[in-house]
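Geometric and topological summary
The chain contents come next:
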Amino acid sequence: GPGKIRLLEQIAALGSISAAGRSMNMSYKRAWALVDELNRCFGKPVVSTQMGGRAGGGAALTPFGTELVAHYRAIEDKAEQAAGLHLNALREAAERSG
């Protein structure tokens, strides 16, 4: 859904699951649960993580995760275009009949 995709976009932008969660007013635990759910759903990782420590941790989208976001946004754009055509047709029909 849109929330999970937005979380992935924030991880890509911020390089961190915790920072991405915070940017969406979401706990780290919730953000991690959503990432884990996505990884399990697709049977392959959408996010790669690096443990913290002296060099610091981080997270990034895998190539599949980047592709997932791109396809989702393309589907969303096409759906909005299709809906717009039908909504305009309904508005015109309503104006003609009323």
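Refer to the structure above for everything that follows.
The structure contained in this document is the topic of the report that follows. (Residues numbered from 1 in each chain as written. Predicted model: local features only at pLDDT ≥ 70, side-chain atom pairs only at ≥ 80, totals over all residues. Heavy atoms only, no water.)

**Considering the nonpolar core**
Leu-7, Leu-8, Ile-11, Ile-17 and Val-47 are the most contacted members of the largest nonpolar core, which has 17 residues in total. Residue assignment for this core shows that the elements contributing at least two residues are helix H1 (2–14), helix H2 (17–23), helix H3 (28–42), strand S2 (58–61) and helix H4 (63–97). Excluding residues that lie within four positions of it along the chain, Leu-8 makes contacts with Leu-38, Val-46, Val-47, Leu-61, Leu-68 and Val-69. (Core = buried A, V, L, I, M, F, W, Y, C linked by side-chain atoms within 4.5 Å. Buried < 20%, exposed > 50% of the residue type's maximum accessible area, 1.4 Å probe, protein only. Helix = DSSP H or I, 4+ residues; strand = E, 2+ residues; numbered from the N terminus. Contact = heavy atoms within 4.5 Å.)

**Some thoughts on the side chain of Gln-10**
Checked against the element boundaries, Gln-10 lands in helix H1. Here the side chain of Gln-10 touches Ser-23 through a polar contact of 2.7 Å, side chain to side chain. If we ignore the near neighbours within four places in the chain, the residues touching Gln-10 are Gly-15, Ala-20, Ser-23 and Met-24. (Polar contact = N/O pair within 3.5 Å; in protein donor to acceptor, adjacent residues only side chain to side chain.)

**Describing unusual backbone geometry**
The backbone of Asn-25 sits at a positive phi, close to 55 degrees, despite the residue not being glycine. Tracing the backbone shows Asn-25 in the loop between H2 and H3.

**A word on H4**
Taking 1.5 Å of rise per residue, 35 residues should cover 51 Å, and H4 covers 51 Å from first to last C-alpha, within 8% of that figure. Listed in full, the buried residues belonging to H4 are Gly-65, Leu-68 and Val-69. (Expected span 1.5 Å × (residues − 1).)

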